[in-house]
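The chain contents come next:
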Amino acid sequence: EVQLVESGGGLVQPGRSLKLSCAASGFTFSSFPMAWVRQAPKKGLEWVASISSGGGGTYYPDSVKGRFTISRHNPKSTLYLQMDRLRSEDTASYYCARHAVGAGYFDYWGQGVMVTVSS
Amino acid sequence: IMLTQSPTTLSVTPGESISLSCRASQSISTNLHWYQQKPNESPRVLIKYASQSISGIPSRFSGSGSGTDFTLNINRVEPEDFSVYYCQQSNSWPRTFGGGTKLELK
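Residues numbered from 1 in each chain as written. Chains lettered and ligands numbered in written order. Predicted model: local features only at pLDDT ≥ 70, side-chain atom pairs only at ≥ 80, totals over all residues. Heavy atoms only, no water.

Draft legend 1. Examining the overall build of chain A more closely. When helices and strands are tallied, chain A shows zero helices and eleven strands. Listed by position from the N terminus, the elements making up chain A come as β-β-β-β-β-β-β-β-β-β-β. Computed over its C-alpha atoms, the radius of gyration of chain A comes to 13 Å, within 12% of the 14 Å expected for a compact globule of 119 residues. Seen through its C-alpha atoms, chain A measures out along the principal axes to roughly 40 × 25 × 25 Å. Out of the 119 residues belonging to chain A, those deemed buried represent 50%. Taking the contacts inside chain A whose residues are at least 6 apart along the sequence as the reference set, 54% of them involve residues at least 24 apart. Accessible surface for chain A amounts to roughly 5300 Å². Of this, 47% is attributable to carbon and sulfur atoms. (Helix = DSSP H or I, 4+ residues; strand = E, 2+ residues; numbered from the N terminus. Rg over C-alpha atoms; globule rule 2.2 N^0.38 Å. Buried < 20%, exposed > 50% of the residue type's maximum accessible area, 1.4 Å probe, protein only. Contact = heavy atoms within 4.5 Å. Areas by Shrake-Rupley, 256 points an atom, 1.4 Å probe, with all protein chains shown as cover.)

In structure tokens:
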């Protein structure tokens, strides 16, 4: 059974940093691109970052480019999101998601972890 | 690429058949996927590449369209279908989602 379990969320002040983790199990982690998708309270879904299976390719929307860094450690089957210079508008639930192999959609999602940016 | 979903909210009675729309700001071929998100749950994919079915998803869900106009159809809505539905494009970076359509009980 595919499982994605996020951790590392919490309350953080504007301008500070936070690092999220996503522990994957039930599949060959190193074979799949992975992503982070967020959802602000009562709002829609926003793609935040993607990383290739080997980690050599990363992609971001302009809203987080230069502030967020996605990475992975394949031997540990773990995905990360380093979030720097956080803003209030980054407040959201952050989901870890698996890209379907060779495809552009997300076939498995974690349960999400809440990040609140507030002073 | 912007994705515009309509309507924002749709009120229906169980047993009705409905269509939800997703329009792209430029042609995305069939690189369009549909998700369902129930309250307090993570999203799940319903349809991939505009019209391709996903294993384990009920057959009452179907999709159609190409280019800029896409439709998610639900044949005879069941009580468990009352959720928010999102479309997402994978034609180009950045990946984008539509704003969602909330399907509610009339």
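Draft legend 2. Region of interest: the interface of chain A and chain B. In this complex, chain A contributes 20 residues to the contact, which on the side of chain B involves 17 residues. Roughly 1500 Å² of surface becomes buried between chain A and chain B when both sides are summed, with 67% attributable to carbon and sulfur atoms. Considering only the surface of chain A that becomes buried against chain B, Leu45(A), Trp47(A) and Tyr105(A) emerge as the three largest contributors, covering 41% of it. Elements supplying a minimum of two residues to the side of chain A that touches chain B: strand E4 (34-39), strand E5 (45-51) and strand E10 (106-109) of chain A. Of all the elements, E5(A) adds the most residues to the side of chain A that touches chain B, at four residues. Within the side of chain A that touches chain B, the residues separate by chemical class into ten nonpolar, seven polar and three charged. (Buried area = accessible area lost by both parts, 1.4 Å probe. Nonpolar A, V, L, I, M, F, W, Y, C, P; charged D, E, K, R; others polar.)

On their own, these measurements won't tell you what the molecule is for.
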